[in-house]
Amino acid sequence: MSFRFRNRIKVMPGIYLNIGKNGVSTTIGPRGANINIGKNGVYLNTGIPGTGLSNREKLFDGKPNNSNPIPNNKEVVNTNELETEHEIITSHGLIGLKENIENARENRKELNNEIKKTEENYQQLLKELNKKQNSFLSKLFTQKITVENIQNEVEETKAYLEEIKGQFEESRADINIHFDKELENQYKKVIVAFKWLATSKKIWDITTEVVNTETKSSAKTIVNRQEVRFNIENIEFIKSSISALHFENTTGSQIYIYPAFVLTIDNSKNLSLIDINEFNFSFRPQRFLEDKETIPTDAKIIDHTWAKVNKNGTPDLRFVGNYQIPVVQYAEYTLFSNNGINEAYNISNFEFAKSFADELTSYISLLKKTEKRDNNNNIEHGTNEFPPANNHLPMNDMTNLLEDLDPLIEDSARLIVMHQQGSTSLIQRKLKIGFNRAGRIIDQLESIGVVGSFNGANAREVLILDENSLEVFLEKLKKGLIIPLVHSQFSFKYFTLLEDFSKTAQSVVKKIIDNEALTSKLNLSKDGLKDSVNFIVGYELCQILYKLTDKQVIPSSLEATGLLLIYSKLISDPSDDLLTKGYESVVELFENGNLLNPASGALKIGESQSLQVKVSSNDSELIWTDELTKKLPILIALKHQDDSFFDEYSQFLYHFANIIAKADNKISESEEILLKEIYKALQNPLPEKANHNKVISNSDGTLDDAIRELNSLIGLDNVKSEIKTLINFIKIQKAREAKGFKTSPLSYHIVFKGNPGTGKTTVARIVAKIYKALGVLQQGQLVETDRSGLVAEYLGQTAIKVNKTIDSAINGVLFIDEAYSIISDAKDSYGKEAVATLIKRMEDDRDKLIVVIAGYTNEMDDFIETNPGFKSRFNRYIEFTDYTSEELLSIYEGLCSNLDYKLTDDAKTKLNEIFTVAYNNRDNSFGNGRFVRNIFEKSMEGQANRIAGIVELTDEILTTITKDDIPKNL
């Protein structure tokens, strides 16, 4: 036995493939990654010392980046709901770093296993060598060369073991972090504060928080909590000079805060990285009712209340033995990101918790280069003061303000104040309205000063503390005596976002102009090409704006002004570029109403009806999943041509949507929902072809009716026997179930195998009727489809198409003819996606969906083998044999009878000869019943030609088919 050392082969900067005795693995050593943090942004650098190879990638700017990550279809869960583990999405700019870290973790696992195996082998070799060298018999009979060979193996194994141990030590993902001096000093303060925080006597993970329904208790909410710890920790597979700040979590992902990102590891060991700009950390004091015996020694009692209290806080004297309960001040942390982090903690040592919160938020603010926002909207927490008036607005403009808001605005305000819970779901649940409407109402409540601003997963702060104060407040609003805070001033932040985006827009326009294939698809002439492209880009930005504002945008709004400023940058004449005038000038123009008419003109760009791209020869057959995408000609053309510029352009449009959503320096809940819809639409802008699936609804026929129809079919004796066996089995199982006996689980899915024209579709229709008559299905409709009804033409649309087809078959039978054609070859990814979606729905809807698939025998056998999920779900196979010549003649006679024709004896003889020859020479393409129908139709044409010249057509002549009418050339 001999070993080879693991040779290293360079693959990319910082990553090596290791080829050794047990195969290939990846090593990431000191060549891994380093992060530079400075006021110009955060950069990830990878390189190999001594080779001159390196790579530098910007993770995020020094500017705040509140854009959403890739959206998913999950709702944000409030902290007052049960905390559950869910997927956390890695920030886009950190995907590469995540891959490096994951590679390091997997490689260390491989290396560790290799070390264990090699150590065992090394010890075994040492024992064997010791035995050969020291045993009397071994010394006597063992040849010298054998001992030398074992000695060589021991040395080779030892050397190999040292090599892989060395690689194991080097295999951590090496993340070197370099700061600007100011940031480094601040982060040192963060670490010191965290160490003190970790010494708190009690730290709890808040797992649930619900409204307290006990009427006489002073507690507003009841929480479930589990004790955890905070500590500074070195993650085993990461090498860094700066350790992570570990927030232990009992029900979800472990959270590790690094200077540039947050790392999470869930219970399944899945790893995610969140850009620190997408991470929200909040701190607030928390009043907590705590039993005296359980109060931590470092917590402070700040008040007392009574176990049973009146509304005014006095003890309820009706309860004998009413006692006082201490009110303790804890600190509450909320850790949240749109990527999926959503955690809440309580800390007993308020001072330590506040100190850490101050240092961390100072560090993040310094990193983002933004001033710390005042989340209280100028209202002191815990007071009943109303928002101050805004002197920029005339009083009479605000009179009867509530009349312009949702009719349920007052009822919603009373609910919020009564429950002291600024929750959209509370409004939705109590008033029985949709989530979108409830979201708009909560935004309106913010605008009039009842609740605070949107705070991620946390409920909004309620700014009015009792119902009497609310009624006074609402009355003053109606009379115009209070003017709510207005958050629509044109901010410098909004201006800079528009300024930066306008430069991107110019670059995008140039790339479109240079893309000849794209401009050709758009039918743009070279004359005035730039103006045409500018117009179309402006048109598409308008559509994004319309979608985001639900077409309620007005020319005087910040949103319309933002569109105007972008479009002014695109127009050919530089003198029309408003952004070059500077922030102060733009604000002055905006406030004086001088931008009203130009903004109105910019909005009219989006009203053009002529900008469309043809994506099919028959556009009337197309189904658009979102009306927005129908109005994005450039995006559609890029996707249709599979142009590599598609991703960049879709991100360009989504970036614009984000900027417009932030026009008032915040993103509301309703805007969050619309942004997700926009993102989804931009990823799949192409329409899908309309399904032409045939749906046959079954009337309330009886089981006997279905059996009679089955028996009336010509031939198919084997099929009839199988179907009758199925009927009997279902009836007996249902009888046993009715009497409380155990029953065998049934699979109703069936595979029909056989040549075309053997009656598979007809039998499938009868089977649907039987299932309905037996109570297996509620409706029993049959939906006939094939590959065209399941597989789409473009990426991302197949699953949508399959689901729509299946939805139409719910509570009925889905019949897929020529099912083997769904997967055309081994590389057919669309077909495989259709199969995977079908199998998932068969499992998800197993009690209300039955699938029957049909096709040629051999092809169907191969098709079943393409996915293991088929074998477990299809265990009933019915073979449809070819019709005999006698049965083919019977089918022909049945067709004649149905249309009042009759055959002469000579005609029957000729037909029998034709069918016998056809049957004896048949192959897999033999058409069976279809073959008969073709001959019958040709016979009717032959009879028509024969009798067309006869003046007097009797009934006998019109109904008789003779030998001469039957076609000679088949």
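Just so it is clear, the structure is predicted and the values come from calculations on it, not from any experiment.

What counts, and at which threshold
Residues numbered from 1 in each chain as written. Predicted model: local features only at pLDDT ≥ 70, side-chain atom pairs only at ≥ 80, totals over all residues. Heavy atoms only, no water. Helix = DSSP H or I, 4+ residues; strand = E, 2+ residues; numbered from the N terminus. Expected span 1.5 Å × (residues − 1). Contact = heavy atoms within 4.5 Å. Buried < 20%, exposed > 50% of the residue type's maximum accessible area, 1.4 Å probe, protein only. Axes fitted to C-alpha atoms, helices over the stretch in contact; angles between N-to-C directions. Parallel < 35°, antiparallel > 145°, perpendicular 65-115°, else oblique. Left-handed = near helix turned anticlockwise from the far one by under 90°. Nonpolar A, V, L, I, M, F, W, Y, C, P; charged D, E, K, R; others polar. Pairing = 2+ DSSP bridges. Phe/Tyr/Trp six-rings, centres within 6.5 Å; stacked < 30°, edge-to-face > 60°. Lys NZ or Arg CZ within 6 Å of the ring centre and 35° of its normal. Core = buried A, V, L, I, M, F, W, Y, C linked by side-chain atoms within 4.5 Å. Right-handed = clockwise from strand over helix to strand, strands pointing away. Salt bridge = Lys/Arg side-chain N within 4 Å of Asp/Glu carboxyl O. Polar contact = N/O pair within 3.5 Å; in protein donor to acceptor, adjacent residues only side chain to side chain. Patch = residues over 30% accessible without salt bridge, like charges linked within 9 Å, V, L, I, M, F, W, Y side chains within 5 Å. Areas by Shrake-Rupley, 256 points an atom, 1.4 Å probe, with all protein chains shown as cover. Lys, Arg positive; Asp, Glu negative; His and termini not counted. pLDDT = per-residue confidence, 0-100.

Visitor: Would you take a moment to explain helix α8 (residues 435-448) for this structure?
Guide: In an α-helix, one turn spans 3.6 residues, which is why side chains three or four residues apart end up on the same side. Compared with the 20 Å implied by 1.5 Å per residue over 14 residues, the 20 Å span of α8 between its first and last C-alpha is a close match. Where α8 is buried, its residues touch α6 (409-419), α7 (424-431), α9 (467-478) and α18 (669-683). One or two positions beyond α8, positive phi appears at G449, with a value near 95°.

Visitor: Whenever I open this one, the environment of Q226 confuses me. Can you help?
Guide: Its location among the elements puts Q226 in strand β9 (residues 221-227). Since its relative accessible area comes to 39%, Q226 is described here as partly exposed. Q226 sits 21 residues away from D205 along the chain, and the two C-alpha atoms are 5.2 Å apart. The residues contacting Q226, other than those within four sequence positions of it, are I203, W204, D205, T207 and T250.

Visitor: Quick question: what am I supposed to make of unusual backbone geometry here?
Guide: A negative phi holds for most residues other than glycine; trans holds for most peptide bonds. Phi angles above zero are rare outside glycine, and E818 is one such case at about 50°. Of note, E818 is situated in the loop between β25 (812-816) and α23 (829-844). Residue E818 is classed as partly exposed on the basis of its relative accessible area of 39%. Of note in the backbone geometry, D900 takes a positive phi value of approximately 60° without being a glycine. With respect to the helices and strands, the residue D900 is situated in the loop between α26 (885-898) and β28 (902-903).

Visitor: For this particular structure, what's the right way to read the packing of helix α17 (residues 646-661) against α18?
Guide: In helix packing, the relevant descriptors are the interaxial angle and the interaxial distance, both defined with respect to the helix axes. Following both chains from N to C, one finds α17 and α18 inclined at 170°, their axes separated by 10 Å at the closest point. The angle between the axes of α17 and α18 places the two elements in the roughly antiparallel class. Seen from above, α17 lies across α18 with right-handed handedness. Here F646, S650, Q651, L653, Y654, A657, N658 and A661 of α17 lie close against α18, whose contacting residues are E671, L675, I678, Y679, L682 and Q683. Looking at the contact of α17 with α18 residue by residue, the classes come out as 9 nonpolar, 4 polar and 1 charged.

Visitor: Any chance you could explain the sheet that holds strand β27 (residues 877-880) here in plain terms?
Guide: In sheet architecture, strand pairing relies on hydrogen bonds along the backbone and comes in two forms, parallel and antiparallel. Taken together, 6 strands build an open sheet; the order of strands is β22-β24-β25-β26-β23-β27 and the sheet is mixed. With partners counted over all chains shown, the strands left at the sheet margins are β22 (694-696) and β27, one partner each. Going across the sheet, the axis of each strand differs from the next one's by a mean of 20°, ignoring polarity. Relative to β27, strand β23 (residues 750-754) runs parallel, the two being bridged by 4 bridges. Residue pairing across strands places V751 opposite Y877, the latter belonging to β27.

Visitor: I keep staring at the packing of aromatic side chains and nothing clicks. Help me out?
Guide: We describe a pair of aromatic rings using the distance from one ring centre to the other and the angle between the two ring planes. Within the structure shown, the criterion is met by 33 aromatic pairs. Pairwise contacts between aromatic rings join F194, F230, F247, F281, F283, Y333, Y345, F350 and F356 into one cluster. It is R105 that lies over the ring of F237; its NZ or CZ is 5.3 Å from the centre. Here the basic side chain of R108 rests over the ring of F168, its NZ or CZ set 3.9 Å away from the ring centre.

Visitor: For this particular structure, what's the right way to read the nonpolar core?
Guide: Note on soluble globular proteins: their nonpolar side chains tend to be buried together. One finds F490, V537 and Y649 to be the most contacted residues of the largest nonpolar core, which totals 65 residues. Sorting the residues of this core by element identifies α10 (492-514), α12 (529-548), α13 (558-570), α14 (583-591), α15 (596-604), α16 (633-640), α17 and α18 as the ones contributing at least two each. Per-element accounting of this core gives the leading share, 11 residues, to α12. Here Y649 is in contact with V508, I512, V537, E540, I634, L635 and L638, once residues within four sequence places are set aside. Counting residues in hydrophobic clusters, the runner-up holds 54 residues, among them L94, L97, L183 and F356.

Visitor: Please explain the sheet that holds strand β12 (residues 244-247) as it appears in this structure.
Guide: Taken in spatial order, the 5 strands make up an open sheet running β10-β12-β13-β14-β15, and their pairing is antiparallel. Sheet topology places β10 (230-233) and β15 (271-275) at the edges, where each strand pairs with a single neighbour. If you compare each strand with its neighbour and ignore which way they point, the axes differ by 25° on average. Judged from the 4 bridges that link them, β10 and β12 form a sheet pairing that is antiparallel. When the bridges of β12 are listed, F230 appears paired with F247. In the packing of helix α4 (residues 181-198) onto the sheet, contacts are made with β10, β12 and β13 (254-257), and the angle to β10 comes to roughly 130°.

Visitor: Help me understand the pairing of β15, please; the structure alone is not making it clear to me.
Guide: Along any regular strand, the residues point their side chains to alternate faces of the sheet. With 5 of 5 residues buried, β15 lies mostly within the body of the structure. As judged from the 5 bridges shared by strand β14 (residues 261-265) and β15, these two strands associate in the antiparallel manner. Each bridged residue has a counterpart across the sheet, and for F261 the counterpart in β15 is D275. Between the end of β14 and the start of β15, which pair antiparallel, lie 5 residues, with K269 showing a positive phi angle near 70°.

Visitor: I keep staring at the pairing of strand β26 (residues 849-855) and nothing clicks. Help me out?
Guide: Among the 7 residues in β26, 7 count as buried, and that is most of the element. Relative to β26, β23 runs parallel, the two sharing 4 bridges. Each bridged residue has a counterpart across the sheet, and for I750 the counterpart in β26 is V852. Pairing geometry for β25 and β26, over 5 bridges, is parallel. Directly across from L814, in β26, lies its bridge partner V851. Regarding the hand of the β-α-β motif, the stretch spanning β25, α23 and β26 is right-handed.

Visitor: Explain the packing of α8 against α18 here, please?
Guide: Close contact between α8 and α18 brings their axes to 7 Å; oriented N to C, the two are set at 135°. One element, α8, and the other, α18, form an angle in the oblique class. Residues F435, N436, R440, I442 and D443 of α8 form the contact with α18, whose own contacting residues are E669, S670 and I673. Among the residues making up the contact of α8 with α18, the classes are represented as 3 nonpolar, 2 polar and 3 charged.

Visitor: Explain the pattern of salt bridges to me, please; I cannot follow it from the model alone.
Guide: Opposite charge on two side chains lets them pair, provided their charged atoms get close. This structure, assessed with the given rule, holds 31 salt bridges. The partner of R873 in a salt bridge is E843, with the nearest N and O atoms 3.4 Å apart. Remark: E843 occurs in helix α23 and R873 occurs in helix α25 (residues 868-873); sequence separation between them is 30 residues. Residue class for E843 comes out partly exposed when judged on its relative accessible area of 34%. A network of salt bridges, in which partner residues are shared, links E410, D411, R414 and E471.

Visitor: Just to check I follow, could you spell out the side chain of N231 for this structure?
Guide: Mapping N231 onto the fold places it in strand β10. Taking the relative accessible area as the measure of exposure, N231 reaches 15% and is therefore buried. Here the side chain of N231 touches R229 through a polar contact of 3.4 Å, side chain to side chain. With near-sequence residues (within four places) excluded, N231 lies in contact with F194, A244, L245 and H246.

Visitor: What exactly am I supposed to notice about a nonpolar patch on the surface here?
Guide: There is a patch of nonpolar side chains on the surface, built from I950, L953 and L958 and spanning about 230 Å² of accessible area. For L958, a relative accessible area of 39% corresponds to the partly exposed category.

Visitor: What am I meant to see in the side chain of K910 here?
Guide: Inspection of the secondary structure assignment puts K910 in helix α27 (residues 905-920). The buried charged residue K910 lacks any salt bridge, with D964 as its nearest oppositely charged partner at 6.2 Å. Here K910 is in contact with K963, I966, P967 and K968, once residues within four sequence places are set aside.

Visitor: Explain the confidence of the model for the chain here, please?
Guide: Do not read the fine detail of predicted coordinates wherever pLDDT is low. Residue-level pLDDT values for the chain average 77, and 78% of them are 70 or greater. When pLDDT is averaged over each helix and strand of the chain, the minimum, 30, is found for strand β2 (residues 15-20) and the maximum, 94, for β12. The low-confidence segment residues 615-626 (pLDDT under 50) makes 32 contacts with residues lying over four places distant or belonging to another chain.

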